Every structure is written in structure tokens, then in C-alpha cells.
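Notes for the structure review
The lines below spell out each chain.
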Amino acid sequence: APQTWLAAMLCIAGVAMLELMGGGGSDVVSSAAPSSWGIDSGGMLSLLAGLGFGTGCYMSENMMRDQPKEQALPITSVLVATTAAVSALWSLADGWMMEPNGWSYTLPGLFADPSLSMVAAAILWTGLISTSLNFFLEVKALGTIPSAEASVILAAEPLAAAALGSIMLHEHLAMCDYIGGALIITACIVNTLQPEDFVSRIDFLSATKIAKR
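To start, this report covers the structure provided alongside it. (Residues numbered from 1 in each chain as written. Predicted model: local features only at pLDDT ≥ 70, side-chain atom pairs only at ≥ 80, totals over all residues. Heavy atoms only, no water.)

A look at the overall build of the protein chain
Looking only at helices and strands, the protein chain has 9 helices and 0 strands in total. Its helices and strands taken in sequence order, the protein chain reads α-α-α-α-α-α-α-α-α from the N to the C terminus. The buried share of the protein chain, taken over its 213 residues, is 23%. Excluding contacts between residues fewer than 6 apart, the proportion of contacts in the protein chain whose partners are at least 24 apart in sequence is 69%. A total accessible area of about 14200 Å² is found for the protein chain, and carbon and sulfur atoms account for 70% of it. (Helix = DSSP H or I, 4+ residues; strand = E, 2+ residues; numbered from the N terminus. Buried < 20%, exposed > 50% of the residue type's maximum accessible area, 1.4 Å probe, protein only. Contact = heavy atoms within 4.5 Å. Areas by Shrake-Rupley, 256 points an atom, 1.4 Å probe, with all protein chains shown as cover.)

Right under this line is the structure:
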């Protein structure tokens, strides 16, 4: 659909403004440096995560198409298990678990140490709510809407992260952040248009332009 392609391009531009333009900073770190385009290892990982997420949405939609009620839990289980496996390998590769008392920061140690109760609660929230429940709801949604439309809507996540960072961590948003957010919101609005509405608006603009000539 034409509106989906336009929304996708607006999302890409908006996320690029948020991710690749060096802008804001917290009250502790100065943000006086001018904004500039650039991508570091974190930005590259974010792009790879987006590519993997889009692929997962497409595959989940195909599996949910035939049996939406029966496939939601199995697909969610595979997603959660894959996330757990990759996280475990990342923790081992990072090396912190091999340091002295490193194993005390694993799940049994976190729950046993009262001083780490907040960390344990954050891990529980991340695993149960932000990951498992989030995956389940996304997979269920893919049973009713196309993955292309879902991806455009979910592209608002960086915008939510920037807003929460500004509110909770007192980060300063630069002009590029506002422009990127506006592009993402515009993409979500464009994505709600019906194909015939989108085509009629293009025809109206074209006729107006011709009439001015």
C-alpha cells in the first residue's frame, strides 16, 4: 500500500534523526557539543536489532496467519528462549561472570542478597513484563494486522524512550530529536490512511499544482 511505504520512509528518517544525530545529554554530562551525523557500535547494534525485529515480525505474521489462536504461545516461547540464550552467551562473552564474586550477581545471588533487591526486581520486570508479555501481545497483534503496519507503529519505541529519558533522566532533547519525533508521529498518522484516501489526496495536490500553473 502506498501509505505504508511512505510511513516506513518517514519512520526510517525519524529513527535516524533520533539514533544517528548526536544531540541530547543529561544534566551531569554537557550537551554543548554540536549535533553531527555518526554511528558507533551501539548504533550499529540498534540497526541490527531493528533488522532482526522486522524479520521476526514478518515470520511471526506468516505463522499466525493460518492458526492465530494456537500459534501465539509457541511463537512467544521461541522468542523468549532465543532472547534468554543470546543474553546468556553475551554475559559469558563479556567476562564479568568469571570475575571474583561474579556469580553472586546471577539470579540466585540477586534474590538472596537484600542489598540487590532493586536489581532483582528490575530483572523480573524486564523478563516478565518488558520481554515475555511484550512478545506475547505483539504476536497476538500480528494475527490481526499486517507486519508492515505493526512495524510502523512499533517504530514509535525510540520516541517513547527519548521522552522517558527527558522526563526521568533529565536529558536535554536537541532540535534533531524533536524533528525525528515529529517524523515518527507523522508516519503513524499516515499509516492510518486508507489506500483510496491516500491516492485521492495525491490527486488533489497534483490537480492544485496544475491549476496554479
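Having seen it, we continue.
What to know about unusual backbone geometry
Even without being glycine, histidine 170 reaches a positive phi, approximately 60°. Structurally, histidine 170 is set in the loop between α7 (157-168) and α8 (175-191).

Thoughts on a nonpolar patch on the surface
A contiguous nonpolar patch, built from Leu107, Phe111, Val119, Ile123, Leu124, Trp125, Leu128, Ile129, Leu133 and Leu137 and spanning about 930 Å² of accessible area, is present on the exposed surface. Of all elements in the fold, only α4 (107-112) and α5 (117-142) reach the threshold of two or more residues within the nonpolar patch. At 8 residues, α5 tops the list of elements feeding residues into the nonpolar patch. (Patch = residues over 30% accessible without salt bridge, like charges linked within 9 Å, V, L, I, M, F, W, Y side chains within 5 Å. Salt bridge = Lys/Arg side-chain N within 4 Å of Asp/Glu carboxyl O.)

Quick word on the packing of helix α1 (residues 2-20) against α8
For any two helices packed against each other, one specifies the crossing angle of their axes together with the interaxial distance. Contact geometry for α1 and α8: axes closest at 8 Å, N-to-C directions at 165°. One finds that α1 runs roughly antiparallel with respect to α8. Crossing hand, α1 versus α8: left-handed. Here Gln3, Thr4, Leu6, Ala7, Leu10, Cys11, Ala13, Gly14, Val15, Met17 and Leu18 of α1 come into contact with α8, specifically with Cys176, Asp177, Ile179, Gly180, Gly181, Leu183, Ile184, Thr186, Ala187, Val190 and Asn191. (Axes fitted to C-alpha atoms, helices over the stretch in contact; angles between N-to-C directions. Parallel < 35°, antiparallel > 145°, perpendicular 65-115°, else oblique. Left-handed = near helix turned anticlockwise from the far one by under 90°.)

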